[in-house]
Amino acid sequence: MKQNYKFLISYDGTRFHGWEKQPGNDMTIQGKLENVLSRMVGENNGETVNVIGAGRTDAGVHARAMTANAVLETEKSELEIMEYMNSYLPEDISVNDVKVCSDRFHARYNAIGKTYRYTCWCGESKPVFDRKYVTVLDRTPDIAKMEKAAEYLVGIHDFKSFCGNTHMKKSTVRNVDTINIERSGNYIRFYFHGNGFLQNMVRILTGTLLEVGYGRMQPEDIKNVLEACDRNMAGPTARPEGLCMMKVDY
């Protein structure tokens, strides 16, 4: 009997070309998951599996708790499915939980909120053991100014200026309900929570806030950037390695 399964997945995105599978490219997270699950169910019926993720992380971006779902026809238990997947997946992808879920559950469409964290390193030394998961800054930004700028970004806005896809046809309105910026030693962490995010949006938000922190933009400029709906008005796209999907809400 076919059943819908929900997966909780962690991955180090360093060597992958993002979440979404691509023709002729076997180095994507979705592609790796589908290959393993298709092999598992194919032992019985030769079917291929379609894995649906809660989001489409970019190349080099990480996830601590990506949620996904797939319809499978298998006699294996939830634990056996998880063990099978972890046996055949590469060491930088881990399936942490597998549960049978409602037939109507859809990892992307049913998500009501997502949390992303962007981590920067600012110090005289090098983050040797965290180098794949932080973005190294060449100087310390003004956190107070960045916090002031973030106040303009919180709420329901048209975030077209912060979308990497300049030909986006669908609505670019999103609700970003919290942005927190924390300093701990040499680490500066940006936390973003909202009902959804556009392509490259968190990285562009971070890059823009850092521009404010460096004094190249003023906090009050953010209002004009939002109203312009012009990608050229916002700051640069921050590097991918500092970004991690932390949680998906349902």
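Look up a bit, the structure's there.
Because the structure is a prediction, the values reported are computed rather than measured.

Here's the deal with the overall build of the chain
Argument step 1. Counting secondary structure elements, the chain contains five helices and 10 strands.
Argument step 2. Over its C-alpha atoms the chain spans a radius of gyration of 19 Å, differing by no more than 12% from the 18 Å that the globule rule assigns to 250 residues.
Argument step 3. With the C-alpha coordinates of the chain rotated into their principal frame, the extents come out at 60 × 40 × 30 Å.
Argument step 4. Classification of the 250 residues of the chain by burial places 52% in the buried group.

Overview of the packing of aromatic side chains
Argument step 1. What the rule picks out here adds up to seven aromatic pairs.
Argument step 2. Both rings, one in Trp121 and one in Tyr187, keep their centres 5.1 Å apart while their planes meet at 85°; by these two values the pair is edge-to-face. Here Tyr187 lies in strand S9 (residues 187-194) and Trp121 lies in strand S5 (residues 113-121), a separation of 66 residues in the sequence. Side by side, Trp121 and Tyr187 carry an identical accessibility label, which is buried.
Argument step 3. Between Phe190 and Phe192, the aromatic rings sit 6.5 Å apart at their centres with planes inclined by 10°, giving stacked as the arrangement.
Argument step 4. Overall, the relative accessible area of 0% leaves Phe190 in the buried class.

Description of the pattern of salt bridges
Argument step 1. Summed over the entire model, instances satisfying the criterion amount to eight salt bridges.
Argument step 2. With a closest N to O distance of 2.6 Å, Glu241 and Arg239 form a salt bridge.
Argument step 3. Where Lys247 meets Asp249, a salt bridge forms, and the shortest distance between an N and an O atom there is 4.0 Å.
Argument step 4. The exposure class of Lys247 is partly exposed, given its relative accessible area of 48%.

Structural notes on the nonpolar core
Argument step 1. Membership of the largest hydrophobic core comes to 68 residues, with the highest contact counts inside it found for Phe7, Leu33, Leu37, Leu72, Phe162 and Phe190.
Argument step 2. Among the elements that line this core, the one with the most residues is helix H4 (residues 201-213), at seven residues.
Argument step 3. Ignoring anything within four residues of it in the chain, the contact list for Phe190 reads Tyr116, Arg117, Tyr118, Cys120, Met146, Asn180, Ile181, Thr206, Leu209 and Leu210.

What about the packing of helix H3 (residues 143-153) against helix H5 (residues 221-228)?
Argument step 1. At a minimum axis separation of 8 Å, H3 and H5 run at an interaxial angle of 30°. Between H3 and H5 the crossing geometry is right-handed. Where H3 approaches H5, its residues Ala149, Tyr152 and Leu153 are matched on the opposing element by Ile222, Lys223 and Leu226.
Argument step 2. Taken together, the residues of the contact of H3 with H5 sort by class into five nonpolar, no polar and one charged.

Calculation criteria
Residues numbered from 1 in each chain as written. Predicted model: local features only at pLDDT ≥ 70, side-chain atom pairs only at ≥ 80, totals over all residues. Heavy atoms only, no water. Helix = DSSP H or I, 4+ residues; strand = E, 2+ residues; numbered from the N terminus. Rg over C-alpha atoms; globule rule 2.2 N^0.38 Å. Buried < 20%, exposed > 50% of the residue type's maximum accessible area, 1.4 Å probe, protein only. Phe/Tyr/Trp six-rings, centres within 6.5 Å; stacked < 30°, edge-to-face > 60°. Salt bridge = Lys/Arg side-chain N within 4 Å of Asp/Glu carboxyl O. Core = buried A, V, L, I, M, F, W, Y, C linked by side-chain atoms within 4.5 Å. Contact = heavy atoms within 4.5 Å. Axes fitted to C-alpha atoms, helices over the stretch in contact; angles between N-to-C directions. Left-handed = near helix turned anticlockwise from the far one by under 90°. Nonpolar A, V, L, I, M, F, W, Y, C, P; charged D, E, K, R; others polar.

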